[in-house]
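This is what each chain is made of:
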Amino acid sequence: MDEVVQALRDIVKMNTVNGAEKQVTDYIAALLAKHNIKSKLVEYAPGRASLVAEIGDGNGPVVGFDGHADVVALGDASKWKVDALSATIKDNLMIGRGTSDMKSGLMAGVWALIHLKDQNVPLHGTLRLMATVGEEYGQYGAKQLGEAGYANDLQTLIVGEPSGAAKQLLMQQQIQHMLQIDQAGAEKLAAANHTNEQHFIELAHKGSLTYTVHSNGVAAHSSMPEIGKNAITPLMAFYQKEEEYFASVKNYRNPVLGPVTPVVTMVRGGEQINTVPATADLSVKIRTIPELPNADMLIAIKEIIADLNAAGADLSLDVLSDLRPMHTMEDAPLVKIAKAVGEANLDQKLPLIGVPGGTDASSFLAFNPNIDVVVFGPGNITAHQVNEYVDLDMYHRFITIYEQMITELLH
Ligand SMILES: [Zn+2]
């Protein structure tokens, strides 16, 4: 087994289900140190630390590379063909939790950095590798690095999240719909692809805004409602005003991401059937787009609450998450370089697409909205599923892709 595969295998075997990422970042730090590359661990909590490592001459732009070290839950062991943490290799596929999402992308970035350093490739500027904690559960690591200033000077960011799908999936209507191509377009794409996997360059993803509105009342026996204050009534009024607001913004659209999509996901109220309810709350998840900033939507929601409170309600707002959407222009130099380098190394055409899910990029963009971002990495849509795998051929190719992209961005 070559050393780049061995290193991937080593970190896939580490259980970093929303925690214990320091095993991975310690491993990377030691690996980098062997190649005379200094790195810094940024502790988030005991056993959890992100890592930052930089190379380059510092005279030029700053290129970020982001990969998260945590993984999602292992899932149903009886449905896995192999132990989820075994990193079993079969037919040049490595199977295991995190192989696609995204220890292969993270490790490909690490090896690109090592190769550039070992080969003394001149880099005019800075390459900043960031390995983060807690991406899957709230982007804790990226937020912490953003707060510490690591996003402020980034011009570009490569997020090494999985961007592929087994080639035969191009024939599925669902995938064709996502790519906005027809059967003929899919066949053309498949014919131009001389590998087993089709990749995409992801330029855009929606942001999200998640909140709960709490309503406070006063409990009383239902036979004497006049001495209580029903918490549900003002919450219903809020719901109606909020629906009117959502209707007023339904025409906002992003050409790649589509419309903003607010959904009331939970309503809860009351304590028992013969009591005037003292509490009620309502939760909302909105998938957001750049055309209607999260901040503008929050202002509108706060106004509705303020108006109702002025009329006697007792409503309060709890914002649970506020993540920026991402949308990089197709003609950005980063995108052109990713496309040219990617197509040459992956032996295929690379469509530029938007995707529904978010990445660490949202948290970096909150500190610096001017970063051009691409999401492009080994791994595929088996992420989060049982029998997740990475094609090791793709893993090797992405190491070269990252080396060449970074060399061009810092030439
Ligand atoms: Zn991921």
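Residues numbered from 1 in each chain as written. Predicted model: local features only at pLDDT ≥ 70, side-chain atom pairs only at ≥ 80, totals over all residues.

Some remarks on the overall build of the protein chain
Per the secondary structure count, the protein chain includes eleven helices and 22 strands. Computed over C-alpha atoms, the radius of gyration of the protein chain comes to 24 Å, within 12% of the 22 Å expected from 2.2 N^0.38 for 411 residues, which places it in the range of a compact globule. Dimensions of the protein chain, computed from C-alpha atoms along their principal axes, come out at roughly 80 × 50 × 50 Å. The burial tally for the protein chain puts 44% of its 411 residues in the buried class. Once local pairs closer than 6 in sequence are excluded, the contacts in the protein chain between residues at least 24 apart make up 80%. (Helix = DSSP H or I, 4+ residues; strand = E, 2+ residues; numbered from the N terminus. Rg over C-alpha atoms; globule rule 2.2 N^0.38 Å. Buried ≥ 20, exposed ≤ 12 C-beta atoms within 10 Å, placed from the backbone. Contact = placed C-beta atoms within 7 Å.)

Here's the deal with the environment of Ala-131
By secondary structure assignment, the location of Ala-131 is in strand β6 (residues 126-132). Along the chain, Ala-131 and Ile-28 lie 103 residues apart, while their C-alpha atoms are 9.0 Å from each other.

Topic: the nonpolar core
With 96 residues, the main nonpolar core has Leu-113, Leu-127, Ala-338, Val-374, Tyr-402, Met-405 and Ile-406 as its most contacted residues. Beyond its immediate stretch of four places on either side in the chain, Ile-406 contacts Val-63, Ala-112, Leu-116 and Leu-127. (Core = buried A, V, L, I, M, F, W, Y, C linked by C-beta atoms within 7 Å.)

Comments concerning helix α7 (residues 232-248)
With 17 residues, α7 extends 24 Å between its outermost C-alpha atoms, agreeing within 8% with the 24 Å of an ideal straight helix rising 1.5 Å per residue. Of all the residues in α7, the buried ones are Pro-234, Leu-235 and Phe-238. An end-on view of α7 places all buried positions within 95° of arc, on one side of the element. Exposed side of α7, more than 90 degrees from the buried face: Gln-240, Glu-243, Glu-244 and Ala-247 are the residues found there. Buried residues along α7 sit against β11 (207-216), β15 (261-269), β17 (279-288), α8 (294-310) and β18 (315-323). (Expected span 1.5 Å × (residues − 1). Arc of directions from axis to C-beta.)

Here we look at the domain arrangement of the protein chain
The domains assigned to the protein chain are domain 1 (3-205 + 326-409) and domain 2 (207-323). The C-alpha centroid of domain 2 is placed 37 Å from the C-alpha centroid of domain 1. Looking at the side of domain 1 that touches domain 2 residue by residue, the class counts come to two nonpolar, five polar and no charged. (Domains from an automatic or database assignment. Nonpolar A, V, L, I, M, F, W, Y, C, P; charged D, E, K, R; others polar.)

Focus: the environment of Asp-91
One can find Asp-91 in the loop between β4 (88-90) and β5 (93-95). Each C-alpha atom, one on Asp-91 and one on Gln-173, is 28 Å from the other, the two residues being 82 residues apart in sequence.

Overview of the sheet that holds β17
Strand order across the open sheet formed by four strands is β15-β17-β11-β18, with antiparallel pairing between neighbours. In this open sheet, the two strands that pair with only one neighbour each are β15 and β18. Within the sheet, the average angular offset between the axes of one strand and its neighbour, ignoring direction, is 15°. Sheet topology places β11 next to β18; eight bridges connect them, and they run antiparallel. Note on β18: the bridge partner recorded for His-214 is Ser-316. Packed on one face of the sheet, α8 meets β11, β17 and β18 and runs near 175° to β18. (Pairing = 2+ DSSP bridges. Axes fitted to C-alpha atoms, helices over the stretch in contact; angles between N-to-C directions.)

Observations concerning the packing of helix α3 (residues 99-118) against helix α11 (residues 392-409)
Between α3 and α11, whose axes approach to 8 Å, the crossing angle comes to 50°. Relative to α11, the element α3 is oriented oblique. Along this stretch, α3 crosses α11, giving a crossing that reads as right-handed. On α11, the residues touching Ser-104, Ala-108, Gly-109, Trp-111, Ala-112, His-115 and Leu-116 of α3 are Tyr-395, Phe-398, Ile-399, Tyr-402, Glu-403, Ile-406 and Thr-407. Within the contact of α3 with α11, the residues separate by chemical class into nine nonpolar, four polar and one charged. (Parallel < 35°, antiparallel > 145°, perpendicular 65-115°, else oblique. Left-handed = near helix turned anticlockwise from the far one by under 90°.)

Details of unusual backbone geometry
The omega torsion across Asp-101 and Met-102 is -15°, close enough to zero to call that bond cis. Inspection of the secondary structure puts Met-102 in helix α3. Non-glycine residue Asn-18 carries a positive phi angle of around 40°. Here Asn-18 is to be found in the loop between α1 (3-12) and α2 (22-34). C-beta crowding within 10 Å serves as the criterion here: with 17 such atoms nearby, Asn-18 is assigned to the partly exposed category. If you check the backbone angles, His-384 has positive phi at about 75° while not being a glycine.

Digging into the packing of α7 against α8
Interaxial distance between α7 and α8 falls to 10 Å at its minimum, and their mutual angle equals 145°. Considering the relative orientation of α7 and α8, their crossing is right-handed. Taken together, the residues of α8 that come into contact with α7 (itself represented by Pro-234, Ala-237, Phe-238, Lys-241, Glu-242 and Tyr-245) are Ala-300, Ile-301, Ile-304, Ile-305 and Leu-308.

Thoughts on the environment of Asp-307
Structurally, Asp-307 is set in helix α8. C-alpha of Asp-307 to C-alpha of Phe-238: the two residues are 69 residues apart in sequence and 9.6 Å apart in space.

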